[in-house]
Amino acid sequence: TAADSLPNSAGSYYLTRSVSGSWAVPEGEVNLCLNGQTINGKITVGSGATLTLTDCSDSGRVQGEVLVNGGKLELYSGTITGGVQVGKKGADYQTGSSFTMYGGEITGNKAGSGSGGGVFLVGTTNQTDPPRFTMHGGTISDNTAGASDGGGGVYVGEKCSFTMDGGTITGNTATAGNGGGIYIHFNAGNVSISNATITGNKASATGNTSYGHGGGIYSERGVTVENVTITGNNSTFEGGGIYGKGAITLTDATVTDNSQYDVYYDGKETTTPELTVSGLVKAGYYANFAWKLPIL
């Protein structure tokens, strides 16, 4: 159905002109083709609502934040420049928030003093059915997080789950924290990173050596990476490619040409046998060489 304004009922629509203003997605399933048009304003996907965004002309944009609080968002194409927040703290928190990305791009969001420049998964210890983000394709690029936690591309909060099975995270920055590409909280839910590219991200900090770690990935716990290329990332201090505080398992991974050591492991264990194919990494030590594993 052709629409010259944002729809107020479930159905399938394509925009015929650019629109402005905040939009609460109506309950039910809404399929919206941007059709090369621009939405200027905040989108909220609340409980009972499912929004599928696509674009048939490669120039459609959402110039504002998308908040998923209890609903479901699917992105196939189009560009979001205000970032995506999945979950919300406070009394109006709704369970069951999920975001699935098949294509499109999330780019150019500056979170200021907040975490999660591109995608921010907000969780707390006592949440039930916490937020989930699944990335099968698309690109998260050139976003910035200014908080001490960081997560320029993706921030995975408490209890939240992140599955990356495809896609690219590139050119994102944590300006005063950790995790230029991805930040993983120590109490996060299930996290899996595979079949993807993480490149050109940066974690920068000055003075305080607690920050500026994990240009590509910063994990406050263990992390498993399979069939992923992690190159050209940069951190002020350790872990230009990956910084982990738990066991790092690399399978068929290429981790190379990152500044400040490709992999920095800072866990409590004395050895990490997962890494013995290319050399032994001990607690508090680092590795700086080309990685092309499979793990045997």
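Refer to the structure above for everything that follows.
Owing to the predicted nature of the structure, the values given are computational and were not obtained by experimental measurement.

Chemist: Could you clarify how one ought to interpret the overall build of the chain in this entry?
Modeler: Scanning the chain for helices and strands turns up zero helices and 35 strands. A burial count over the chain gives 53% of its 296 residues as buried. Long-range contacts, defined here as pairs at least 24 residues apart, represent 61% of the contacts in the chain between residues at least 6 apart.

Chemist: Whenever I open this one, the pairing of strand β31 (residues 248-251) confuses me. Can you help?
Modeler: Side chains on a regular strand alternate between the two faces of the sheet. Side chains I248 and L250 project from β31 onto a buried face, and the interleaved T249 and T251 project onto a face without burial. Strand direction decides the pairing type here: strand β28 (residues 223-231) and β31, joined by four bridges, are parallel. The partner of V225 across the bridge, within β31, is L250.

Chemist: So what exactly am I meant to see when it comes to the side chain of T38 here?
Modeler: With respect to the helices, strands and loops of the structure, T38 is situated in strand β6 (residues 38-40). Note on T38: relative accessible area 15%, which makes it buried. In contact with T38, other than residues within four places in its own chain, are S18, V19, R61 and Q63.

Chemist: Would you mind going over the nonpolar core with me for this structure?
Modeler: Nonpolar side chains in soluble globular proteins generally cluster together in the buried interior. One finds L51, V84, F99, V119, F133, F162 and I182 to be the most contacted residues of the largest nonpolar core, which totals 57 residues. Every residue in contact with L51, bar those within four places of it in the chain, is listed here: W23, V25, V30, L32, I43, V45, K72, L73 and E74. In this structure, Y155, Y183, Y218 and Y264 belong to the second largest nonpolar core, which totals five residues.

Chemist: Even after reading the chapter, I still don't get the side chain of N258, so can you show me in this structure?
Modeler: Position of N258 among the secondary structure elements: in the loop between β32 (254-256) and β33 (263-265). Side-chain polar atoms of N258 contact the backbone oxygen of I230, separated by 3.1 Å. Here the side chain of N258 touches G232 through a polar contact of 3.2 Å, landing on its backbone nitrogen.

Chemist: It is not clear to me how the packing of aromatic side chains should be interpreted in this structure. Could you clarify?
Modeler: Pairs of aromatic rings are described using the distance from one ring centre to the other and the angle between the two planes. If you walk through the whole model with that rule in mind, you get eight aromatic pairs. Seen from their ring centres, Y76 and Y102 are 4.5 Å apart, and the 10 degrees between their planes marks the pair as stacked. One end of the pair, Y76, is in the loop between β11 (72-75) and β12 (79-80); the other, Y102, is in the loop between β14 (98-101) and β15 (105-107), with 26 residues separating them in the sequence. Residue classification places Y76 among the partly exposed positions, given a relative accessible area of 38%. Considering the side-chain rings of Y183 and Y218, the 5.1 Å spacing of their centres and the 25 degrees angle between planes classify their relative orientation as stacked. In this pair, Y183 is assigned in strand β24 (residues 182-184) and Y218 in strand β27 (residues 217-219), connecting sequence segments 35 residues apart.

Chemist: When you look at the sheet that holds strand β23 (residues 173-174) in this model, what are you seeing that I'm missing?
Modeler: Within a beta sheet, neighbouring strands are joined by backbone hydrogen bonds and run either parallel or antiparallel to one another. Pairing is parallel across the open sheet formed by four strands, whose spatial order is β19-β23-β26-β29. Either end of the sheet is taken by a strand with one partner, and the two such strands are β19 (144-145) and β29 (234-235). With two bridges joining them, β19 and β23 adopt parallel strand pairing. Counted as the bridge partner of T144 is T173 from β23.

Chemist: I tried to follow unusual backbone geometry on my own but got confused; where do I start?
Modeler: Most peptide bonds take the trans form, and the phi angle of most residues other than glycine is negative. Located in the positive-phi region is D129, a residue other than glycine, with phi close to 50 degrees. Structurally, D129 is set in the loop between β16 (119-121) and β17 (132-135). Relative accessible area serves as the criterion here: at 42%, D129 is assigned to the partly exposed category. Look at N195: it is not a glycine, yet its phi comes out positive at around 50 degrees. Take N195: it is sitting in strand β25 (residues 191-199).

Here is what the cut-offs are and how they apply
Residues numbered from 1 in each chain as written. Predicted model: local features only at pLDDT ≥ 70, side-chain atom pairs only at ≥ 80, totals over all residues. Heavy atoms only, no water. Helix = DSSP H or I, 4+ residues; strand = E, 2+ residues; numbered from the N terminus. Buried < 20%, exposed > 50% of the residue type's maximum accessible area, 1.4 Å probe, protein only. Contact = heavy atoms within 4.5 Å. Pairing = 2+ DSSP bridges. Core = buried A, V, L, I, M, F, W, Y, C linked by side-chain atoms within 4.5 Å. Polar contact = N/O pair within 3.5 Å; in protein donor to acceptor, adjacent residues only side chain to side chain. Phe/Tyr/Trp six-rings, centres within 6.5 Å; stacked < 30°, edge-to-face > 60°.

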